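A look at the structure
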Amino acid sequence: MTFEEIQKQAKSNWDSQYHGKAPHILIGTATCGRAAGALPVVEAFSNELAKRNARAKVTEVGCIGLCSFEPLVTIIKPSSFTVCYNNATPQVVPTLVEGYVLGDDPCLDLALGTLDGGDGKAVYIPELSRFEHEYRLLLRNCGYIDPGNINHYIANGGYSSLAMALQMEPDTIVGEIKKSGLRGRGGAGFPTGRKWQQCREASGQTKYIICNADEGDPGAFMDRVVLESDPQQVIEGMVIAAYAVGSHDGFIYIRAEYPLAIERLQVALEQAKNLGLLGDNILGSGFSFDIEIVEGAGAFVSGESTALMYAIEGRRSMPRARPPHSVKAGLWGKPTVLNNVKTYAYVPLILARGADWFSGIGTEGSKGTAAFALAGKMVNTGLAEVAMGTTLHELIFDIGGGIRSGKKFKAVQIGGPSGGCLPESMLRTAVDFDSLRKAGAIMGSGGVIAMDEDNCMVDTAKFFLDFIQKESCGKCSTCRIGSKQMLDMLEDITVGKGKIEDIDWLVEVGQDISGGSLCGLGRTAPNPALTTIRYFRDEYEAHILEKRCPALVCKELIAYYILPEKCERACEHCVLSCPVKAITTNEKGIKVIDQSKCTKCGSCQLVCPPEYNAVIRLSPPSLVPVSGAKTQE
Ligand SMILES: Cc1cc2nc3c(=O)[nH]c(=O)nc-3n(C[C@H](O)[C@H](O)[C@H](O)COP(=O)(O)O)c2cc1C
Ligand code: SF4
Ligand code: SF4
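Parameters at a glance
Residues numbered from 1 in each chain as written. Chains lettered and ligands numbered in written order. Predicted model: local features only at pLDDT ≥ 70, side-chain atom pairs only at ≥ 80, totals over all residues. Heavy atoms only, no water. Salt bridge = Lys/Arg side-chain N within 4 Å of Asp/Glu carboxyl O. Helix = DSSP H or I, 4+ residues; strand = E, 2+ residues; numbered from the N terminus. Buried < 20%, exposed > 50% of the residue type's maximum accessible area, 1.4 Å probe, protein only. Near = heavy atom within 4 Å. Nonpolar A, V, L, I, M, F, W, Y, C, P; charged D, E, K, R; others polar. Contact = heavy atoms within 4.5 Å. Core = buried A, V, L, I, M, F, W, Y, C linked by side-chain atoms within 4.5 Å.

**Considerations on the pattern of salt bridges**
Applying the stated criterion across every chain, the model contains 28 salt bridges. A salt bridge links arginine 52 to glutamate 98, with the nearest nitrogen and oxygen atoms 2.6 Å apart. You can see arginine 52 sitting in the loop between helix H3 (38-51) and strand E2 (57-61) and its partner glutamate 98 sitting in helix H4 (residues 93-101), a full 46 residues away along the chain. A relative accessible area of 32% places arginine 52 in the partly exposed class.

**Considering the site of ligand 2**
Residues in contact with ligand 2 amount to 13 residues; listed here are only the nearest, Cys473, Lys475, Cys476, Cys479 and Cys519. The residue inventory of the shell around ligand 2, partitioned by class, reads eight nonpolar, four polar and one charged.

**Comments concerning helix H10 (residues 222-229)**
Given 3.6 residues to a turn, an α-helix orients residues that are three or four positions apart in the same direction. Taking burial as the measure, the eight residues of H10 include eight buried ones, the bulk of the element. For H10, the full list of buried residues reads Met222, Asp223, Arg224, Val225, Val226, Leu227, Glu228 and Ser229.

**Side note on the site of ligand 3**
Taken together, 13 residues lie around ligand 3, and Cys578, Cys598, Cys601, Gly602 and Cys604 are the ones closest in. For the shell around ligand 3, a count of residues per class yields nine nonpolar, three polar and one charged.

**Some words on the side chain of threonine 192**
You can see threonine 192 is positioned in helix H9 (residues 192-201). Beyond its immediate chain neighbours, meaning those up to four positions away, threonine 192 contacts Ile177, Leu182, Arg183, Gly184, Asn339 and Thr343.

**A look at the nonpolar core**
Counting 84 residues, the largest nonpolar core has Tyr159, Ile173, Trp196, Ile209, Ile235, Ile254 and Phe289 as its most contacted members. The element contributing the most residues to this core is helix H11 (residues 232-245), with 10 residues. Look past the residues within four positions of isoleucine 209 in its chain and what remains in contact with it is Met238, Ala241, Ala242, Val245, Ser247, Asp249, Gly250, Phe251, Phe289, Val337 and Tyr344. Counting residues in hydrophobic clusters, the runner-up holds 31 residues, among them Met378, Ala384, Ile403 and Val412.

Here's what the structure looks like:
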């Protein structure tokens with residue numbers, strides 16, 4: 001088939017589903033949707049439609065980024081408006097089928113809003129204030145097209161860039177990517193066009209293309225969403241890269257913990273091959289390129305490019321020293337281009353809309369958009385895509401909706417486990433490679449974790465360092481021993497054994513680890529400690545000098561105490577919940593905690609009814625009145 005024929009077929013398939021006579025029901029079944037219960041909703045729709053003999057089609061789509069509203073159901077009705085329902089359950093399905101699939105009642109009380117009009121009777125979703133701040137390129141099709149149907153991607157412009165690229169000189173493609181200013185989205189921000197050019201110019205007939213889909217950062221899930229929702233854009237980008245550098249073999253290295261992304265990729269590769277968009281003689285051009293999926297074994301360090309190549313070769317995945325750079329001697333010693341999932345996904349758009357269009361978005365040094373996984377204490381957790389240069393404040397407050405439960409924002413951890421923790425005073429920082437680095441954080445792969453007043457910054461630094469220390473491959477002594485020493489020191493501080501000189505010592509060792517480690521893991525490992533010391537030094541000092549945890553988190557530095565004036569004497573909730581029987585009732589019926597038995601599990605505070613709110617935490621523990629029941633009266 002020619003590409004025009006492929007497009008025609010795709011368009012007709014798309015029109016029959018999205019512009020047909022029957023209602024069309026889209027249900028988000030990416031991993032986030034499934035975790036929220038989307039599959040029983042799919043089943044309930046199938047059963048209800050069959051029972052009612054209703055003519056309607058159900059399509060499983062990916063994630064539109066509004067993860068906190070999952071499961072999301074969208075009903076597209078011919079000659080009526082499209083309505084999106086949030087937090088759907090199997091129980092509401094009969095109402096939706098009766099009301100809107102078969103009838104004319106859009107059930108707006110169950111809806112998040114409408115997607116095309118709605119006569120002002122409901123929220124018009126594209127006008128939600130978060131979308132004023134978003135700029136969706138990578139996510140444009142996510143949650144809208146069926147990731148398991150290549151026709152949907154093609155009908156929305158997919159693969160026309162590849163068809164065009166195959167008519168272009170490879171050097172022209174490389175030039176266009178260079179001109180666009182695209183920098184790799186895997187974390188380091190290396191210019192993609194320069195990488196491709198170096199590989200193209202490297203000598204040798206055999207060259208490889210690798211897609212890095214390891215995504216090992218805790219809290220990051222952008223690559224997973226892209227692969228589960230619109231995998232063809234990544235495949236198209238890889239084929240164009242292969243043509244540009246002269247490669248015939250590609251690999252997608254993806255973590256085994258992403259079974260759905262793997263399944264959807266397998267289907268996508270198969271469909272691309274069946275249409276002649278991948279494999280032998282692509283679109284009759286004489287150019288051949290194939291892609292193999294390699295499943296990773298879940299080590300964070302395997303995401304580092306040289307370690308990843310060792311993993312594909314079947315060797316132990318540890319980073320190696322460079323040079324030689326992978327573009328000259330990478331996989332099996334051959335010139336190799338390795339890019340992140342999102343980096344490849346931009347490529348078709350850049351060719352279709354032009355390098356000048358892309359470089360017109362973003363900042364001087366960081367072009368285009370960036371996708372972020374919003375996690376932690378934000379109201380709207382999920383995915384967001386913004387132009388580079390958008391501020392952290394916009395990301396967390398205008399898109400993320402601010403902090404949950406009316407709590408106060410304290411810090412944001414950006415850039416993955418070895419990113420930095422930035423305070424409120426840095427919320428005007430622009431999210432781009434250079435501004436974040438200047439602030440002491442990194443872009444990383446795009447995880448954004450918001451923290452509130454209940455987070456202890458010393459404990460946070462310890463948490464991330466603990467992750468990094470366990471994931472260190474151990475090759476460099478600075479990283480292997482230094483990160484353990486830093487972790488031990490942070491542990492001492494959180495249990496009240498720290499010394500004031502430890503703070504400067506942490507900075508010194510951190511700088512040594514950064515300077516003396518081979519790969520990015522070690523080089524950035526101290527970031528959480530260094531940034532929390534830089535911006536929250538007073539919390540370190542409180543732990544060390546006053547044996548006090550200001551956020552009331554560090555167990556050794558807090559005590560639970562029952563306020564006698566608030567304790568409702570007849571209530572026994574705390575007594576019954578205490579796993580170590582540390583709570584007794586005194587002669588006046590007031591509950592008293594025996595501090596020598598208390599393990600600080602927090603159950604009593606959780607179960608104390610909110611109308612009494614009698615259990616509190618104190619820090620330092622010495623604030624607890626000493627003589628128990630008598631003093632409490
Ligand atoms: C410890 C460590 C883990 C990494 N994990 C990933 C990852 O999961 N995904 C990714 O794309 N890049 C990861 N990187 C960055 C890669 O080494 C590499 O720079 C990147 O994949 C290159 O692609 P890009 O130019 O498109 O950014 C990691 C780096 C380090 C040091
Ligand atoms: S810096 Fe750490 S993770 Fe990287 S190679 Fe050295 S020991 Fe391994
Ligand atoms: S914090 Fe846990 S162990 Fe301590 S008194 Fe309360 S329930 Fe018991």
